[in-house]
Amino acid sequence: MLFYYLSLRLKQFLRFYRFSDIHPLIGIPVTLILFAFGSALLFEKVPMPEWLYLIATLGAVMELQGEKTNAYLRQMLSQVNFFKAKLGENLLILLPFIGIMVWKHAWIQIALTIALVVPYSWFSVKMPKPKLKAMRTPFAPYAFEHNMVFRSVSMMYVGYVLLLITGVVVQNFYVFLAPFFLLLFFTIVTYGLPEEPYYIWVYRTGANKFLLRKLKTLVINYLITFSLFALLGAVFYTSQLPMIALSFAVGLLCMIGCLFIKYHFYPSAIVIQISQMLFFALTVSCLASPLMLPAVVLFLIFSYFRARRNLKYILKC
């Protein structure tokens, strides 16, 4: 029973990527890379990282509980069997976190995590949170990509603001810079979700005007999203102002490129996502090596003309 239940939960995990229109072969490696990078950054740049990581681990275990699944299991299983099933699932969730703790030799935190998760598995209560699907956003109604990421990962926006403030308080530039690129990545992911052709055709305009309208919307919403990062950086990190300005410009360039890539390869979601991830990595690498910038600009121009050509077949113009 335990192994059958765990296999079902793993299938649900894979289905999460498919429902988000992200191929698991892309989503899982990207998730692991981001997880490892975020964990390493936390341990290197944040005070008392072992205890903060312990809190983050317990929060992840509680957040990943399935309310409907737990309710169904309680109806189908005895309390003892429910405990066994949930204990196996929760320990499976803990594996990557414990792997990081072993790497950092956080033995006390490992023991405390297991000691807390074992009794918690008897109840397996999910952390309550407000329903935010209909919440208002600071973006225009037709900017569905930005509205989607704002509602689907709303806690990421909260974490983004808190980490920016933490970076200012502790005067650690890396803590301040990390949430910018993390939120930038999640925003780019939504541009990998191709809409139905009807939502392109309904604009009843030419390919150039369509792309310019999407570009105008992107720039406005980009400024809304990351204005706090630029403002706090300009005020509290004046010595790092060139790096902040460069990161801000690279992020905007990356967003514009991913917009063109979306309609360049539309409607093939898997090709769009792979191309956007490669372009994201290439553009961010410009921070370390400005010599890559000409290649990024050339590809951006090429992708624009291919996107315009592709849109002409949909818009019939």
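Residues numbered from 1 in each chain as written. Predicted model: local features only at pLDDT ≥ 70, side-chain atom pairs only at ≥ 80, totals over all residues. Heavy atoms only, no water.

*Asks:* Honestly, the overall build of the protein in this entry has me stumped. Any pointers?
*Replies:* Helix and strand counts for the protein come out as 14 helices and 0 strands. Ordered by position from N to C terminus, the α and β elements of the protein give α-α-α-α-α-α-α-α-α-α-α-α-α-α. Dimensions along the principal axes, computed over C-alpha positions, put the protein at roughly 65 × 50 × 35 Å. Across the 317 residues of the protein, 42% fall into the buried class. (Helix = DSSP H or I, 4+ residues; strand = E, 2+ residues; numbered from the N terminus. Buried < 20%, exposed > 50% of the residue type's maximum accessible area, 1.4 Å probe, protein only.)

*Asks:* When you look at helix H11 (residues 207-236) in this model, what are you seeing that I'm missing?
*Replies:* Spacing of three or four residues puts side chains on the same side of an α-helix, whose turn is 3.6 residues. In this model H11 runs 42 Å from its N-terminal to its C-terminal C-alpha over 30 residues, within 8% of the 44 Å that 1.5 Å per residue would give. Phe-226 marks where H11 bends most, by close to 55°. (Expected span 1.5 Å × (residues − 1). Bend = angle between axes of the 7 residues up to and from the residue.)

*Asks:* Help me out: how do you make sense of the packing of aromatic side chains in this one?
*Replies:* The way to describe two aromatic rings as a pair is by their centre distance and the angle between their planes. Tallied over the full model, the rule gives 22 aromatic pairs. Ring geometry for Tyr-222 versus Phe-226: centroids 4.9 Å apart, planes at 55°, classification tilted. Of this pair, Tyr-222 and Phe-226 both sit in helix H11, 4 residues apart, which is roughly one turn of that helix. Of the aromatic side chains, those joined through ring pairs into one cluster are Tyr-160, Phe-173, Tyr-174, Phe-176, Phe-180, Phe-181, Tyr-222, Phe-226, Phe-229, Tyr-237 and Phe-248. Positioned above the aromatic ring of Trp-103 is the side chain of Lys-104, whose terminal nitrogen or guanidinium carbon lies 4.2 Å from the ring centre. (Phe/Tyr/Trp six-rings, centres within 6.5 Å; stacked < 30°, edge-to-face > 60°. Lys NZ or Arg CZ within 6 Å of the ring centre and 35° of its normal.)

*Asks:* What exactly am I supposed to notice about the nonpolar core here?
*Replies:* In summary, soluble globular proteins display a tendency toward joint burial of nonpolar side chains. One finds Phe-176, Leu-184, Phe-229 and Tyr-263 to be the most contacted residues of the largest nonpolar core, which totals 54 residues. Only helix H2 (24-45), helix H7 (144-152), helix H8 (154-169), helix H9 (173-190), H11, helix H12 (241-264), helix H13 (269-284) and helix H14 (293-315) provide two or more residues apiece to this core. Formed by 14 residues, the second largest nonpolar core is a distinct cluster that contains Ala-60, Val-61, Leu-94 and Met-101. (Core = buried A, V, L, I, M, F, W, Y, C linked by side-chain atoms within 4.5 Å.)

*Asks:* Which parts of the structure should I look at to understand the layout of surface pockets?
*Replies:* Any empty space left between atoms is shown by rolling a water-sized probe over those atoms. Of the voids in this model, the second largest pocket is the one considered here, and its volume is about 180 Å³. Taken together, 10 residues make up the lining of the second largest pocket; nearest its centre are Tyr-5, Leu-8, Thr-69, Tyr-72 and Leu-73. Those elements giving two or more residues to the lining of the second largest pocket turn out to be helix H1 (2-19) and helix H4 (67-76). The element that contributes the greatest number of residues to the lining of the second largest pocket is H1, accounting for 5 residues. Tallied by class, the residues present in the lining of the second largest pocket amount to 7 nonpolar, 2 polar and 1 charged. (1 Å grid on protein atoms, 1.4 Å probe; cavity = no way out; pocket = protein on both sides within 12 Å on 5 of 7 lines; lining within 4 Å. Points joined across faces, edges and corners; volume = space filled by probe spheres on them. Nonpolar A, V, L, I, M, F, W, Y, C, P; charged D, E, K, R; others polar.)

*Asks:* It is not clear to me how unusual backbone geometry should be interpreted in this structure. Could you clarify?
*Replies:* Among all residues save glycine, negative phi is the norm, and among peptide bonds the norm is trans. Here the bond from Tyr-266 into Pro-267 is cis, since omega is 5°, no more than 30 degrees from zero. Along the chain, Pro-267 falls in the loop between H12 and H13. Positioned with a positive phi, Ser-124 is a non-glycine residue whose angle comes to about 50°. Turning to its location among the elements, Ser-124 is positioned in the loop between helix H6 (107-120) and H7. With a relative accessible area of 3%, Ser-124 lands in the buried category. In this structure, Gln-171 is a non-glycine residue whose phi angle is positive, near 55°.

*Asks:* Explain the side chain of Glu-195 to me, please; I cannot follow it from the model alone.
*Replies:* Relative to the elements of secondary structure, Glu-195 occurs in the loop between H9 and helix H10 (198-201). Polar side-chain contacts of Glu-195 include one of 2.9 Å to the side chain of Lys-262. Not counting residues within four places of it along the chain, the set of residues in contact with Glu-195 comprises Phe-144, Ile-200, Lys-214, Lys-262, Tyr-263 and Tyr-266. (Polar contact = N/O pair within 3.5 Å; in protein donor to acceptor, adjacent residues only side chain to side chain. Contact = heavy atoms within 4.5 Å.)

*Asks:* I keep staring at helix H5 (residues 79-103) and nothing clicks. Help me out?
*Replies:* Between the first and last C-alpha of H5 there are 35 Å, a value that for 25 residues agrees with the 36 Å anticipated at 1.5 Å per step. Along H5, the sharpest kink reaches roughly 40°, centred on Leu-95 and followed within four residues by the proline Pro-96.

*Asks:* Explain the confidence of the model for the protein here, please?
*Replies:* In low-pLDDT regions, the fine details of the predicted coordinates are not to be read closely. For the protein, the average pLDDT comes to 83, and 91% of its residues sit at 70 or higher. When the elements of the protein are averaged for pLDDT, H7 gives the smallest value, 72, and H12 the largest, 92. (pLDDT = per-residue confidence, 0-100.)

*Asks:* Whenever I open this one, the environment of Tyr-157 confuses me. Can you help?
*Replies:* Residue position: Tyr-157 is located in helix H8. Classification of Tyr-157 by relative accessible area gives buried; the value is 11%. Along the primary structure Tyr-157 and Thr-225 are separated by 68 residues, whereas in three dimensions their C-alpha atoms are 9.1 Å apart.

*Asks:* Just checking my understanding: could you explain a nonpolar patch on the surface for this structure?
*Replies:* Together, Met-48, Trp-51, Ile-108, Leu-112 and Leu-116 make up a nonpolar patch on the protein surface, roughly 520 Å² of accessible area in all. Ranked by residues supplied to the nonpolar patch, first place goes to H6 with 3 residues. Structurally, the position occupied by Leu-112 is in helix H6. A relative accessible area of 34% places Leu-112 in the partly exposed class. (Patch = residues over 30% accessible without salt bridge, like charges linked within 9 Å, V, L, I, M, F, W, Y side chains within 5 Å. Areas by Shrake-Rupley, 256 points an atom, 1.4 Å probe, with all protein chains shown as cover. Salt bridge = Lys/Arg side-chain N within 4 Å of Asp/Glu carboxyl O.)

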